[in-house]
Amino acid sequence: MKVLKLHPYMTVALLQMQFQRLLHCNVVVYARHSSADEQDVLRDVGFIEAALVEHPIDETLSLREFEEVLEDQFNISMEICNNDWKPFTNKSLRLFQLPAMLKNTSQNNNNPLDLGFDFLARLLPPNSAQPNII
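As the structure is a computational prediction, the values presented were derived from the model and not from experiment.

J.: Outline the overall build of the chain, supporting the account with residue identities and numerical values.
T.: Counting secondary structure elements, the chain contains four helices and five strands. In the chain, the order of α-helices and β-strands from amino to carboxyl end is β-α-β-β-β-α-β-α-α. Every one of the 134 residues in the chain was classed for burial, and the buried ones make up 34%. Summing over all exposed atoms, the chain offers an accessible surface of approximately 8900 Å²; the carbon and sulfur share of this is 52%.

Pasting the structure below:
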């Protein structure tokens, strides 16, 4: 069972890392109707609990239902997003469907270039001084 751990002094960045690890997606947290800074702590964006909370994730919930549960229980305004930080348009998508869906969309997108050392070394002029690599 997947468990989301929330603490009033947890940063938004740590919450985002949990979403990436547990649900394979990103989350945008809002503070006063604008996106919160990654260094903001949950207490500053409205988290109402005083201690660590372990919230079990019901993967049969839709994205919108899960967002509503977290917003109602913990007073955190958030939106679950895909890996490109774009909000999901299909909010009826179930949490357990996210990993498969995100895997399919990442295959359709252009993959980033592999700029390994060998590739970069070939770009240098032949007589130029090569950097020392330790």
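J.: How would you explain the environment of Gln 16 if you had to name every residue and give the values?
T.: With respect to the helices and strands, Gln 16 occurs in helix H1 (residues 12-23). Judged by relative accessible area, Gln 16 falls into the buried class, the value being 8%. For the pair Gln 16 and Val 27, spaced 11 residues apart in the sequence, the C-alpha separation amounts to 5.7 Å.

J.: Break down the side chain of Gln 16 for me, with residues and values.
T.: Only 3.1 Å separates the side chain of Gln 16 from the backbone oxygen of Val 27, close enough to count as a polar contact. When near neighbours in sequence (up to four residues on either side) are disregarded, Gln 16 contacts Val 27, Glu 38 and Trp 85.

J.: Tell me what's going on with the sheet that holds strand E2 (residues 26-31), and back it up with residues and numbers.
T.: By way of backbone hydrogen bonds, the strands of a sheet pair with one another, either parallel or antiparallel. Spatially, the three strands line up as an open sheet ordered E3-E2-E5, and their pairing is antiparallel. Every interior strand has two partners, whereas the edge strands, strand E3 (34-35) and strand E5 (77-81), have only one. Alignment of E2 against E5, held across five bridges, turns out to be antiparallel. Along E5, the bridge assignment pairs Val 29 with Met 78. Against the sheet, H1 contacts E2 and E5, and its axis sits at roughly 150 degrees relative to E2.

Definitions and cut-offs
Residues numbered from 1 in each chain as written. Predicted model: local features only at pLDDT ≥ 70, side-chain atom pairs only at ≥ 80, totals over all residues. Heavy atoms only, no water. Helix = DSSP H or I, 4+ residues; strand = E, 2+ residues; numbered from the N terminus. Buried < 20%, exposed > 50% of the residue type's maximum accessible area, 1.4 Å probe, protein only. Areas by Shrake-Rupley, 256 points an atom, 1.4 Å probe, with all protein chains shown as cover. Polar contact = N/O pair within 3.5 Å; in protein donor to acceptor, adjacent residues only side chain to side chain. Contact = heavy atoms within 4.5 Å. Pairing = 2+ DSSP bridges. Axes fitted to C-alpha atoms, helices over the stretch in contact; angles between N-to-C directions.

Purely geometric numbers; function is a separate question.
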